[in-house]
Amino acid sequence: MAIEVRNVSKAFGDFQALGDVSVVVPDGSLTALLGPSGGGKSTLLRVIAGLETADAGEVLFDGEPVTGVPPQHRDVGFVFQHYAAFKHMTVRDNVAFGLKIRKRPKDEIATRVDELLKLVHLDGFAGRYPAQLSGGQRQRMALARALAVEPKVLLLDEPFGALDAKVRKELRDWLRRLHDEVHVTTVFVTHDQEEALEVAEQIVVINEGRIEQAGSPDELYESPATPFVMGFVGPVSQLGDQYVRPHDIDIHLEPVDGGLQAQIEHVARVGFEARVELHLADGAPVSVLVTRQQAAEQELEAGQIVWLRAHRFHAFAEGELASA
Amino acid sequence: MHVDASGRHSQPVGDSRAARLTLRAIALGYLALLLALPVGMVFYNTFADGFAAAWESVTTPEAQHAFWLTIVMVAIAVPLNTLFGITAALALVRGNWRGKTIVGAIIDIPFAVSPVVVGLALILVYGRQGWFGEWLTDHGVQVIFSIPGMVMATIFVSLPFVVREVVPVLREIGVEQEQAAQTLGASPSQIFWRITLPAIRWGVAYGVILTTARALGEYGAVAVVSGKIVGETQTLTLHVEEQYQQFDLTGAYAASVVLALIALFVILSMNLLDRRKESS
């Protein structure tokens, strides 16, 4: 199901969480709402689910406005950062909850729950209580519970935020594969740009209650619309008024046309790459990424004076860089 | 034993042992002198003249009437205060309305006010000379020196327990489980019965036990509004006092034991109810 958010605003007291936000989520896509915490992305997700009411604007599901439709009738699956497991129910009863509410026949519920538990690799855990599961297992249970009712949209609010790095990575890959299998329109909120770039087909960058940019991971990385987006989705160096990815800067040993003079402070060789830290004549720090081979050929070392020129850069009219 | 990470004793063994044993002795002695011994003596004295004497004294018409009156008090006050308590706790924790703080403070009044004052206050409002006195008399309703007044006094003094037990539990569980149920299609009443109530059931159970204990044991407020009419407005607790004043010690002790047994019955049945719910 396609989701359209039209001119949605939401304030909590004096705090403007969302200001005139419009987003389109295509049917069957896997979309990430990416941004720093407090930027409004969770609020947007909750407005889509109906858990928050927008002050202005509307949300459309397949072109139909759902304003005023309570969450229980929106056909959305919602996964919370802290799992929201029903603590007094077994894993089986948690997953079966939505089906029992819908008064499906008992044997149908049993079959469906078994399928889902297998899908989330929790077969064999059906009789346990949430307290007896690890964080990753609880979140998979929560996913199965949300998928059980065959929602038209799956909404995940920082689903892996409370998990440790290794489990987070596993679940991330697993969500990607799950989406390939199930094809339900999925929107997830994250503040981790790596997670968004790896998993999502479409990324919507939200900051201070506004949409900075929406597009594919490549578009965002290659043609960021604002310095904020550029800084949020990857490392950035600044050469004068040019915003440059560290790997888009060439180091010249002789003065070149349009080149800026800089002094090397430190060269760090990490695997295939070498990270060169420099400062410009005015003292501004710059970071450049070259191949290990190039660093060796140019005999780059601390103290050396070189000239920097970007072969690819972005210039923005206004705005500030994100500290990603 | 106090052993730190390196395996050395962090304190000399003798010292900590002595200190621990002293602390234990003080705690146990405190419990024994203030709780176990007096309660034990009640049981002992009840049956000092044999079981028959005790049985006889709790089966007199007055004692039986007091017993049933007590059951009626509890049967009215406890369900009402449980219902009110859960509703009020939900409104206080989940609600977003003006005057929450004031209402929260009002609910605590029974904790702060002496029961005798509660009784007097009820007489001021519902007594013959009270605000509603004339109107009530005209309509043939007697509140004070009668059962309605005693029920009101019992409800008043036992009102805050369920609220105060449930509020912290509700705060702790948060709203996410309820919201998850909502997105899964549950209606507000389904959410309450399937998610909220099971999650707060220990708080409710404990609140019910405290409410019952208070309703069973209330003396001051009930005594003031009851007029202590033997065989009419005498609860078991009032009956105990009455027997004691008349030097019928066996009667007083035996009635006390009955009170204790009722409390025990309530605690056990709350436990059983909960267990049955879990297995179903």
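Residues numbered from 1 in each chain as written. Chains lettered and ligands numbered in written order. Predicted model: local features only at pLDDT ≥ 70, side-chain atom pairs only at ≥ 80, totals over all residues. Heavy atoms only, no water.

Undergrad: I tried to follow the overall build of chain B on my own but got confused; where do I start?
TA: Broken down by element type, chain B carries 14 helices and 0 strands. For 280 residues, the compact-globule estimate of 2.2 N^0.38 gives 19 Å, and the C-alpha radius of gyration of chain B, at 24 Å, exceeds that figure by more than 25%. As presented, chain B carries roughly 16100 Å² of accessible surface, and 67% of it is formed by carbon and sulfur atoms. Taken together, the 17 basic and 19 acidic charged side chains of chain B have centroids lying 13 Å from each other. (Helix = DSSP H or I, 4+ residues; strand = E, 2+ residues; numbered from the N terminus. Rg over C-alpha atoms; globule rule 2.2 N^0.38 Å. Areas by Shrake-Rupley, 256 points an atom, 1.4 Å probe, with all protein chains shown as cover. Lys, Arg positive; Asp, Glu negative; His and termini not counted. Charge placed at Lys NZ, Arg CZ, Asp CG, Glu CD.)

Undergrad: Would you mind going over the UniProt feature "domain: ABC transmembrane type-1" (unreviewed entry) in chain B with me for this structure?
TA: Residues annotated by UniProt as "domain: ABC transmembrane type-1" (unreviewed entry) correspond here to residues 67-274 of chain B. In residues 67-274 of chain B, helix accounts for 79% and strand for 0%; the two terminal C-alpha atoms are 27 Å from one another. (UniProt positions renumbered as here; feature names shortened; annotations may be inferred.)

Undergrad: Would you mind going over the domain arrangement of chain A with me for this structure?
TA: By a widely used convention, the size of an interface equals the accessible area lost when the partners come together. According to the domain assignment, chain A consists of domain 1 (3-228) and domain 2 (236-323). The centre of domain 1 of chain A, based on its C-alpha atoms, is set 40 Å off from the matching centre of domain 2 of chain A. (Domains from an automatic or database assignment.)

Undergrad: Teacher, can you tell me more about the UniProt feature "transmembrane region" (unreviewed entry) in chain B here?
TA: Residue and element names in this part refer to chain B. The residues that UniProt annotates with the feature "transmembrane region" (unreviewed entry) are residues 21-47, 67-93, 105-127, 139-163, 199-217 and 252-273. Note that residues 21-47 is 96% helix and 0% strand, and that its end C-alpha atoms are spaced 35 Å apart. Annotation note: span residues 105-127, helix share 83%, strand share 0%, distance between end C-alpha atoms 26 Å.

Undergrad: Sorry, what's going on with the nonpolar core here?
TA: As a rule of thumb, nonpolar side chains are buried together in soluble globular proteins. The biggest cluster of nonpolar side chains holds 46 residues, and the ones touching the most others in it are Val-95, Leu-154 and Ile-203 of chain A. Val-23, Leu-45, Val-189 and Val-204 of chain A belong to the second largest nonpolar core, which has 39 residues in total. (Core = buried A, V, L, I, M, F, W, Y, C linked by side-chain atoms within 4.5 Å. Buried < 20%, exposed > 50% of the residue type's maximum accessible area, 1.4 Å probe, protein only.)

Undergrad: Please clarify how the interface of chain A and chain B should be interpreted in this entry.
TA: Counting residues at the interface gives 23 residues for chain A, matched by 17 residues for chain B. Both sides of the chain A and chain B interface together cover about 1800 Å² of buried area, and 59% of this is carbon and sulfur. When the buried surface of chain A facing chain B is broken down by residue, Gln-72, His-88 and Ile-101 of chain A rank first, second and third, together holding 31% of it. The tally of links from chain A across to chain B stands at 0 salt bridges. Counting across the interface, chain A meets chain B through 5 residue pairs in polar contact (both at pLDDT 80 or more). For the side of chain A that touches chain B, the secondary-structure elements that each account for two or more residues are β6 (76-79), α2 (91-101) and α4 (135-148) of chain A. Residue contributions to the side of chain A that touches chain B peak at 4 residues, all from α2 of chain A. (Contact = heavy atoms within 4.5 Å. Buried area = accessible area lost by both parts, 1.4 Å probe. Salt bridge = Lys/Arg side-chain N within 4 Å of Asp/Glu carboxyl O. Polar contact = N/O pair within 3.5 Å; in protein donor to acceptor, adjacent residues only side chain to side chain.)

Undergrad: In this structure, what is going on with the sheet that holds strand β1 (residues 3-12) of chain A? I would like to understand it.
TA: Backbone-to-backbone hydrogen bonds join strands into a sheet, with any given pair of strands oriented parallel or antiparallel. Residues and elements named next belong to chain A. Sheet architecture is open: 4 strands sit in the order β2-β1-β4-β5, paired in antiparallel fashion. Here the strands that pair on one side only, and so sit at the sheet edges, are β2 (15-25) and β5 (64-65). In this structure, strand β4 (residues 56-61) lies alongside β5, joined through 2 bridges in antiparallel fashion. Paired with Phe-61 across the strands is Glu-64, a residue of β5. (Pairing = 2+ DSSP bridges.)

Undergrad: Would you mind showing me how to read helix α3 (residues 106-119) of chain A here?
TA: Note that an α-helix has 3.6 residues per turn; residues three or four places apart therefore point the same way. All names here are of chain A. Between its first and last C-alpha, α3 extends 20 Å over 14 residues, near the 20 Å set by a 1.5 Å rise per residue. Taken residue by residue, α3 has Ile-109, Arg-112, Val-113, Leu-116 and Leu-117 as its buried positions. Relative to the axis of α3, the buried residues are bounded by an arc of 135° and lie together on one face. For α3, the exposed residues lying more than 90 degrees away from the buried face are Asp-107 and Lys-118. Against the buried residues of α3 lie α2 and α4. One or two steps after α3, the chain reaches His-121, where phi turns positive at roughly 55°. (Expected span 1.5 Å × (residues − 1). Arc of directions from axis to C-beta.)

Undergrad: Quick question: what am I supposed to make of the sheet that holds strand β14 (residues 260-270) of chain A here?
TA: Residues and elements named next belong to chain A. Pairing in this open sheet of 5 strands is antiparallel, and the strands run β13-β17-β14-β15-β16 from one edge to the other. Of all the strands in the sheet, just β13 (249-252) and β16 (285-291) have a single pairing partner and so form its edges. Within this sheet the neighbouring strands show an average axis-to-axis angle of 45°, counted without direction. As judged from the 4 bridges shared by β14 and strand β17 (residues 305-310), these two strands associate in the antiparallel manner. Residue pairing in the sheet places Ala-262 in a bridge with Val-306 of β17. (Axes fitted to C-alpha atoms, helices over the stretch in contact; angles between N-to-C directions.)

Undergrad: For this particular structure, what's the right way to read the pattern of salt bridges?
TA: Pairing between side chains becomes possible if they bear opposite charge and their charged atoms approach one another. Residue and element names in this part refer to chain A. All chains considered together, the criterion is met by 26 salt bridges over all chains. Arg-112 is the partner of Glu-150 in a salt bridge, and the nearest nitrogen-oxygen pair spans 3.7 Å. Within this pair, whereas Glu-150 is found in the loop between α4 and β7 (153-157), its partner Arg-112 is found in helix α3, the two being separated by 38 residues in sequence. Here Arg-210 ties to Glu-208 by a salt bridge, and the two come within 3.8 Å at their closest N and O atoms. Taking relative accessible area as the criterion, Glu-208 reaches 58% and is therefore assigned exposed.

Undergrad: What is the right way to read the packing of aromatic side chains from this model?
TA: Each aromatic ring pair is characterised by the separation of its centres together with the angle its planes make. Per the counting criterion, the structure on display carries 10 aromatic pairs over all chains. Seen from their ring centres, Phe-78 of chain A and Phe-80 of chain A are 4.7 Å apart, and the 50° between their planes marks the pair as tilted. Between the aromatic rings of Tyr-126 of chain B and Phe-132 of chain B, the centroid separation amounts to 5.6 Å while the plane-to-plane angle is 50°, which identifies the pairing as tilted. An aromatic cluster is present here, built from Phe-47, Phe-51 and Trp-55 of chain B joined pairwise through their rings. Lying across the ring of Phe-86 of chain A, Arg-145 of chain A places its NZ or CZ 4.2 Å from the centre. Taking NZ or CZ as reference, Arg-245 of chain A lies 4.1 Å from the ring centre of Tyr-221 of chain A, over its face. (Phe/Tyr/Trp six-rings, centres within 6.5 Å; stacked < 30°, edge-to-face > 60°. Lys NZ or Arg CZ within 6 Å of the ring centre and 35° of its normal.)

Undergrad: Looking at this structure, I do not really get a nonpolar patch on the surface. What am I missing?
TA: Residues and elements named next belong to chain B. Residues Leu-28, Tyr-30, Leu-31, Leu-33, Leu-34, Leu-35, Leu-37, Met-41 and Tyr-44 make up a contiguous nonpolar surface patch of roughly 1000 Å² in combined accessible area. With respect to the helices, strands and loops of the structure, Leu-31 is situated in helix α1 (residues 13-46). Note on Leu-31: relative accessible area 44%, which makes it partly exposed. (Patch = residues over 30% accessible without salt bridge, like charges linked within 9 Å, V, L, I, M, F, W, Y side chains within 5 Å.)

Undergrad: Explain the packing of α2 of chain A against α3 of chain A here, please?
TA: Angle between the axes and distance between the axes are the two parameters that describe a pair of packed helices. All names here are of chain A. The N-to-C vectors of α2 and α3 enclose an angle of 125°; their axes lie 10 Å apart at closest approach. On the basis of their axis angle, the class for α2 and α3 is oblique. In the packing of α2 onto α3, the handedness of the crossing is right-handed. Along its contact with α2, which presents Val-91, Arg-92, Val-95, Ala-96, Leu-99 and Lys-100, the element α3 presents Ile-109, Ala-110, Arg-112, Val-113, Asp-114, Leu-116 and Leu-117. Broken down by class, the residue content of the contact of α2 with α3 amounts to 9 nonpolar, no polar and 4 charged. (Parallel < 35°, antiparallel > 145°, perpendicular 65-115°, else oblique. Left-handed = near helix turned anticlockwise from the far one by under 90°. Nonpolar A, V, L, I, M, F, W, Y, C, P; charged D, E, K, R; others polar.)

Undergrad: When you look at the domain arrangement of chain B in this model, what are you seeing that I'm missing?
TA: All names here are of chain B. When the domains of chain B are assigned, the result is domain 1 (1-46) and domain 2 (51-279). With 4 residues of domain 1 in contact, the opposing surface of domain 2 contributes 7 residues. Buried surface at the junction of domain 1 and domain 2, summed over both partners, amounts to about 490 Å²; 80% is from carbon and sulfur atoms. Considering only the surface of domain 1 that becomes buried against domain 2, Val-42, Phe-43 and Thr-46 emerge as the three largest contributors, covering 82% of it. Our enumeration of links across domain 1 and domain 2 arrives at 0 salt bridges.

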